[in-house]
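One letter stands for each residue in the lines below.
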Amino acid sequence: MFVGRYMTANPLTVPENMPVQEAEELMRKHKIRRLPVVRGDKLVGIVTEIDLLRVSPSSATSLSVFELNYLLSRLQVKEAMTKDLYTISPDATIEEAALIMRENNVGALPVVENGKLVGIITESDIFDAFIDLMGLRKTGTRVVIDVENRLGVLAEVTEIVKAHGVNIISLACQAREDGASGEVVLRLDTQNPKNLLGDLEKRGYRVVHVTGWS
């Protein structure tokens, strides 16, 4: 799963000298929370709703409406934007994008290819990718199995599933901290897994959770 599949291509951008008021209006009009900032064809920053609020006068100000409007008309996006950018390539994986966002506490990454802005990927796009990866939009059964952390365990589980003629929609694994065991989460293309679950338990696998999904 790659960034290029989930990003918003050719995103709306603003020049660095655009008045803050105009940038706010663009965000409201297009129902977005952030805008890449450009100088000509060059990406120079990103500005968010919070950035614009931070540079705008407080509601507790003693300035008149006319003074406020004048002040806001003089404020430009470059005075509010974040200049130290984290960017990513469209060929990077979704996991890489998620890690960069999480470790740097940012909600979006401009996507750059050959020095040119080609898209933007946000937290919402990462959620969409996770939903697709886990097959959450497909009807089936979610099964969680306790397993030993040993060579061949996944092959054994999937062979049992195959023997029952059931397709695996998605599969995820997580090792526990002790390193000796873990969980396998299967999303199966069946709503009647009773015989399959019985077979897993006969083979020594502990089924810890089963949920129907529609």
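Everything numeric in this text was worked out from a predicted model, so none of it was measured. (Residues numbered from 1 in each chain as written. Predicted model: local features only at pLDDT ≥ 70, side-chain atom pairs only at ≥ 80, totals over all residues. Heavy atoms only, no water.)

(A) The overall build of the protein chain, seen in detail. Scanning the protein chain from terminus to terminus reveals 8 helices and 10 strands. Computed over the C-alpha atoms, the radius of gyration of the protein chain is 25 Å, more than 25% above the 17 Å expected from 2.2 N^0.38 for a compact globule of 214 residues. In terms of its C-alpha atoms, the protein chain occupies a principal-axis envelope of roughly 80 × 40 × 35 Å. In the protein chain, buried positions account for 37% of the 214 residues. Put simply, of all contacts in the protein chain between residues at least 6 apart along the chain, 62% involve residues at least 24 apart. Put simply, the protein chain shows about 13,300 Å² of open surface, and 50% of that area lies on carbon and sulfur atoms. (Helix = DSSP H or I, 4+ residues; strand = E, 2+ residues; numbered from the N terminus. Rg over C-alpha atoms; globule rule 2.2 N^0.38 Å. Buried < 20%, exposed > 50% of the residue type's maximum accessible area, 1.4 Å probe, protein only. Contact = heavy atoms within 4.5 Å. Areas by Shrake-Rupley, 256 points an atom, 1.4 Å probe, with all protein chains shown as cover.)

(B) Representation of the sheet that holds strand β1 (residues 8-9) within the structure. Within the open sheet, the 3 strands sit side by side as β1-β6-β5. Their pairing is antiparallel. Each of the sheet's edge strands pairs with one partner strand only, and the pair in question is β1 and β5 (108-113). In this structure, β5 lies alongside strand β6 (residues 116-122), joined through 6 bridges in antiparallel fashion. Paired with A108 across the two strands is T122, which belongs to β6. In this fold helix α5 (residues 94-104) packs onto β5 and β6, with an angle of close to 130 degrees to the strand it touches most, β5. Helix α6 (residues 123-133) contacts β1 and β6 of the sheet and is inclined by roughly 65 degrees relative to β6. (Pairing = 2+ DSSP bridges. Axes fitted to C-alpha atoms, helices over the stretch in contact; angles between N-to-C directions.)

(C) Spatial organisation of the pairing of strand β3 (residues 34-39). In terms of residue burial, β3 counts as a mostly covered element, since 5 of its 6 residues are buried. In this structure, strand β2 (residues 14-15) lies alongside β3, joined through 2 bridges in parallel fashion. Note that in β3 the partner of V14 across the bridge is V37. Summarising the sheet, β3 and strand β4 (residues 42-48) pair through 6 bridges and their orientation is antiparallel.

(D) Spotlight on the pattern of salt bridges. Scanning the model with the defined rule gives 9 salt bridges in all. The partner of R150 in a salt bridge is E148, with the nearest N and O atoms 3.5 Å apart. Under the relative-accessibility criterion, E148 is labelled exposed at 52%. Between R150 and E156 there is a salt bridge, with its nearest N and O atoms 2.9 Å apart. For R150, a relative accessible area of 34% gives the class partly exposed. (Salt bridge = Lys/Arg side-chain N within 4 Å of Asp/Glu carboxyl O.)

(E) The arrangement of the packing of helix α7 (residues 153-163) against helix α8 (residues 194-202) in detail. Closest axis-to-axis distance for the α7/α8 pair is 10 Å, and the angle between their directions is 145 degrees. Crossing of α7 against α8: the hand is right-handed. Residues V157, I160 and V161 of α7 form the contact with α8, whose own contacting residues are L196, D199 and L200. Of the residues contributing to the contact of α7 with α8, the split by class is 5 nonpolar, no polar and 1 charged. (Left-handed = near helix turned anticlockwise from the far one by under 90°. Nonpolar A, V, L, I, M, F, W, Y, C, P; charged D, E, K, R; others polar.)

(F) How the structure looks around the packing of α5 against α6. The N-to-C vectors of α5 and α6 enclose an angle of 140 degrees; their axes lie 10 Å apart at closest approach. When the interaxial angle is binned, α5 and α6 end up oblique. Relative to α6, the crossing made by α5 is left-handed. Residue-level inspection shows I94, A97, A98 and M101 of α5 in contact with α6, the latter providing E123, I126 and A129. Residues that form the contact of α5 with α6 fall into these classes: 6 nonpolar, no polar and 1 charged. (Parallel < 35°, antiparallel > 145°, perpendicular 65-115°, else oblique.)

(G) Representation of α6 in the model. Residues D125, I126 and A129 constitute the buried set of α6. Buried positions in α6, seen along its axis, are confined to an arc of 100 degrees and lie on one side of it. Buried residues in α6 make contact with α1 (3-6), β1, α5 and β6. Immediately downstream of α6, the backbone of G135 shows phi near 65 degrees, a positive value. (Arc of directions from axis to C-beta.)

(H) Quick peek at the side chain of S170. By the element assignment, S170 lies in strand β8 (residues 168-175). A relative accessible area of 6% means that S170 is categorised as buried. In terms of polar contacts, S170 uses its side chain to reach the backbone carbonyl oxygen of M134, at 3.0 Å. Filtering out sequence-adjacent residues up to four positions away, S170 remains in contact with L133, M134, G135, V185, L186 and R187. (Polar contact = N/O pair within 3.5 Å; in protein donor to acceptor, adjacent residues only side chain to side chain.)

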